[in-house]
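Residue-level listing of the chains:
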Amino acid sequence: MQKNDFIELVIEDLGTDGAGIGRYHGMTFFVKDAVIGDTVLAKIMKLKKTYGYARLMEIKEASPNRVKPRCLYAKSCGGCQIQQMDYKSQLAYKQRKIRANLVRIGRFDEAYIDRVMEPMVGMEEPFGYRNKAQFPIGKNGDGEAVAGFYAGRTHSIIANTDCALGVPVNKEILETILAFMREFRVSAYDESERTGLIRHVLIRYGFDSKEIMVCLVANGETIPHEEILAERLGRIPGMTSICLNVNTENTNVILGERTRTVWGSPEITDALYLRNTSDFQRSGGKTVYRISAQSFYQVNPVQTEKLYSLALEYAGLTGKETVWDLYCGIGTISLFLARSAKQVYGVEAVHQAVQDARMNAKRNGIENAVFLEGKAEEVLPEFYGKTVMRGNDSAGDGCSSAVDMCLDGTKRRGECGAVDACPDETEGMRHPDVIVVDPPRKGCDEKCLETMLCMHPERIVYVSCDSATLARDLRKLCDGGYEVKRVRGVDQFGQTIHTECVVLIQRKHI
Ligand code: SAH
C-alpha cells in the first residue's frame, strides 16, 4: 500500500472533524466528504503507521443518509463539514460524539451515560439560522473584489454572497458593498501584500427585532465616499447600524480594537424568550439585549432559547437561590436566571461584554444580577480565598466589586447603588446554590474547577460547546464529589460538526 493507490472503503464512522472513517487492511483511513454507509473509491494521499488520509474519488454506492448539499460550495467551503448528510443523521452523529467523549475522555460508564443522556434537541429548520456572518473580502483572478468564505483550512476566498446558513439579506448587503467598491475603486485587502482597504464585512441580524448591523472592517481609518455607501446600505429595510472597524494589524483576528459609527446607532438590539419558567407571565418571557459589533452573542437565536431554557430547568430555581454564572458574556444566561433566583453573579473576562451585561440588566429592569469583570479562574479563587476582592473601580463609585463594599468596611449595604451585598449575602456567594458555567471551547481552567468544588454548590449546570473539554472537566467535578444527572445536546450549528451540550451535575450527599 502506498501513496496514490486507489482503495475501496466502506465508511463506518465520522472523525471529530467530520471526515468519513473506513478501514482497509487493518489501517484506518479518513476520507473528507464521505458519509457513514457510503462505499467509496479513494486515493491515498498520506500514510502513517496505523492510519492515513485518502481523497474521495468516486462514490461507488451512496449511503441512504446521503443528500445533495443545498449549497453549491459545500464541499470546498470551510464553513460546513457535513451538509452531505441528512439532518437526522447529523443529529445522531452529534449524539454519538458527545457520548463517545464522555466515555473515552470522561471515563464514565457507558450504561450510566445512556441512563442520564437525553435525546438531542434538533432544529426545525437547519438552514438560514445564523444571525451573524463574517465575510472576508478579497480579489478574484481578474483583480475584482469578491466576498465569500475561506476554503477549508486555507485563506483563499470562495466567492459566495449567499451562504445557506445565513439570512437572505446578507446577499443584498454584500452586493451593495461590492458594487460600491467597483464604482469608486475601493480596494480589497490583500493578506500577503498587506495592501488594500476592505478586509471583512460583519453582518448581524436580530431575528426578533429585524434590526441589521453592518460593520466594515478596514485596513485604515476611513473609506473613500463612505457616506454614499452608508446612504445606499441605509435604504435596506431594517438597517439600524453601519460601523467601521479599524484593523491595520497583520493578524487572523477579524476585528481591530476601534469601531466608529458611520450611520445610525452603534448597536442593534434583539430579544430572546424564556419558554418554561414560572414567572413567564410577569416578564412576558422576553429579555432584550444590546449587541455591539464586538460583543459575543449566540449565533443561533432559535436554538439558544431552547438551550437557555434547558439550562434554567437544570438549575432548578425557586426564587431563593444564589447563583454564579461564569463566562457570562453580555449576561445572556444570567438575565434568564435572575428572574427565577434571589441573586445572580456573572463573571466575564471581556470589558465591553461586562458593560453590555450591566446595561442589559438595567434595560430589562433586573436588579438582582451583578457583573464582575475578570477571568473566572482568577475572580472565583480570589473571592473565595480572601473573601475580599479588589478589582477595578469600574462604576467610578469607590467600590471595586459587590464583595468589597461589605467586607472592607468602607461601604455599607446599598450605599454603592451597584449592589446590595451584606455579610449574609457574602456567605451566600461563597457557598451558592447553583453555579452555571459556559466556557469557550478550551473548557474551564483547573483553578476555576477547584474553587467551584470548594464552594460546594448543590448543583452545577455546565453549558459546553466542546464535548471533549466538557468530558475532561466533568471527570474532575465527579472525582470531587459530584455526579452527572442529566446530559442533553442542543444543536446550534446544523451542517457543521459543532455541537452544544448542557449537563446537570449534582453534589453527592454521603
Ligand atoms: N454565556 C454567554 C457567553 C458564552 S461564550 C452566552 O451564552 O452568551 C464564553 C464567554 O466566556 C465569552 O464571552 C468570553 O469572553 C468569556 N471568557 C473567555 N475566557 C474567560 C475566562 N477565563 N474567564 C471569564 N470569561 C471568559
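A quick note: this is a predicted structure, and the numbers were derived from the prediction, not measured. (Residues numbered from 1 in each chain as written. Predicted model: local features only at pLDDT ≥ 70, side-chain atom pairs only at ≥ 80, totals over all residues. Heavy atoms only, no water.)

A. Fine view of the overall build of the chain. Across its full length, the chain carries 13 helices and 22 strands. A compact globule built from 510 residues would reach a C-alpha radius of gyration of about 24 Å, and the chain, at 25 Å, matches this within 12%. Within the chain, the proportion of its 510 residues that are buried is 55%. Contacts spanning at least 24 positions in sequence make up 63% of the contacts within the chain whose residues lie at least 6 apart. (Helix = DSSP H or I, 4+ residues; strand = E, 2+ residues; numbered from the N terminus. Rg over C-alpha atoms; globule rule 2.2 N^0.38 Å. Buried < 20%, exposed > 50% of the residue type's maximum accessible area, 1.4 Å probe, protein only. Contact = heavy atoms within 4.5 Å.)

B. Geometry of the nonpolar core. The biggest cluster of nonpolar side chains holds 91 residues, and the ones touching the most others in it are Ile 173, Met 181, Trp 324, Leu 326 and Met 452. What Leu 326 contacts, discounting residues up to four positions off in sequence, is Val 347, Ala 376, Leu 380, Ile 435, Val 436, Val 437, Asp 438, Cys 448 and Met 452. Membership of the second largest hydrophobic core comes to 46 residues, among which are Cys 328, Val 344, Val 354 and Val 461. (Core = buried A, V, L, I, M, F, W, Y, C linked by side-chain atoms within 4.5 Å.)

C. Inspection of the sheet that holds strand S6 (residues 117-121) at higher detail. One open sheet holds the eight strands; their spatial order is S6-S21-S22-S20-S19-S16-S17-S18, and the pairing between them is mixed. Pairing within the sheet leaves two strands with one partner each, and these edge strands are S6 and strand S18 (369-373). The mean inter-strand angle of the sheet, taken between neighbouring strand axes irrespective of direction, is 15°. Looking at chain direction, S6 and strand S21 (residues 482-490) are connected through three bridges and run parallel. Bridge pairing links Val 121 to Val 490 in S21. Relative to the sheet, helix H8 (residues 351-363) contacts strand S17 (343-348) and S18, its axis offset from that of S18 by approximately 170°. Taken strand by strand, helix H13 (residues 467-479) contacts strand S20 (459-464), S21 and strand S22 (500-507), and its axis lies near 165° from that of S20. (Pairing = 2+ DSSP bridges. Axes fitted to C-alpha atoms, helices over the stretch in contact; angles between N-to-C directions.)

D. Spatial organisation of the pairing of S18. Most of S18 sits inside the fold, with four of its five residues counted as buried. Of the pairings in the sheet, the one linking S17 to S18 comprises five bridges and is parallel in character. Bridge assignment links Tyr 345 to a residue of S18, and that residue is Val 370. For the handedness criterion, the β-α-β arrangement of S17, H8 and S18 is classed as right-handed. (Right-handed = clockwise from strand over helix to strand, strands pointing away.)

E. Summary view of the packing of aromatic side chains. Summed over the entire model, instances satisfying the criterion amount to 10 aromatic pairs. Ring centres of Trp 324 and Tyr 345 lie 5.5 Å apart, and the angle between their planes is 40°; on these two criteria the pair is classed as tilted. In this pair, Trp 324 sits in strand S16 (residues 322-326) while Tyr 345 sits in strand S17, placing the two residues 21 residues apart along the sequence. Pairing Trp 324 with Phe 383 gives two aromatic rings, centres 5.4 Å apart and planes at 55°, and the pair type is tilted. (Phe/Tyr/Trp six-rings, centres within 6.5 Å; stacked < 30°, edge-to-face > 60°.)

F. Geometry of the state of the cysteines. A full pass over the atoms with the stated rule returns zero disulfides. Summary of cysteine pairing: Cys 77 is not part of a disulfide, and the nearest cysteine sulfur, belonging to Cys 80, is at 6.2 Å. What makes Cys 77 buried here is its relative accessible area of 14%. This cysteine, Cys 444, is not joined by any disulfide, and Cys 448 carries the nearest cysteine sulfur, 4.8 Å off. The exposure class assigned to Cys 444 is buried, which follows from its relative accessible area of 4%. (Disulfide = S-S within 2.5 Å.)

G. Inspection of the sheet that holds strand S4 (residues 39-47) at higher detail. Spatial strand order, S1-S2-S3-S5-S4: five strands in a closed barrel with mixed pairing. Strand-to-strand twist across the sheet, computed as the mean angle between neighbouring axes with direction ignored, equals 50°. When strand S2 (residues 20-24) meets strand S3 (residues 27-31), the two strands line up antiparallel, connected through five bridges. Looking at S3, one finds that Ile 21 is bridged to Phe 30.

H. Fine view of unusual backbone geometry. The backbone of His 25 shows a phi angle near 50°, a positive value even though the residue is not glycine. For His 25, the position within the fold is in the loop between S2 and S3.

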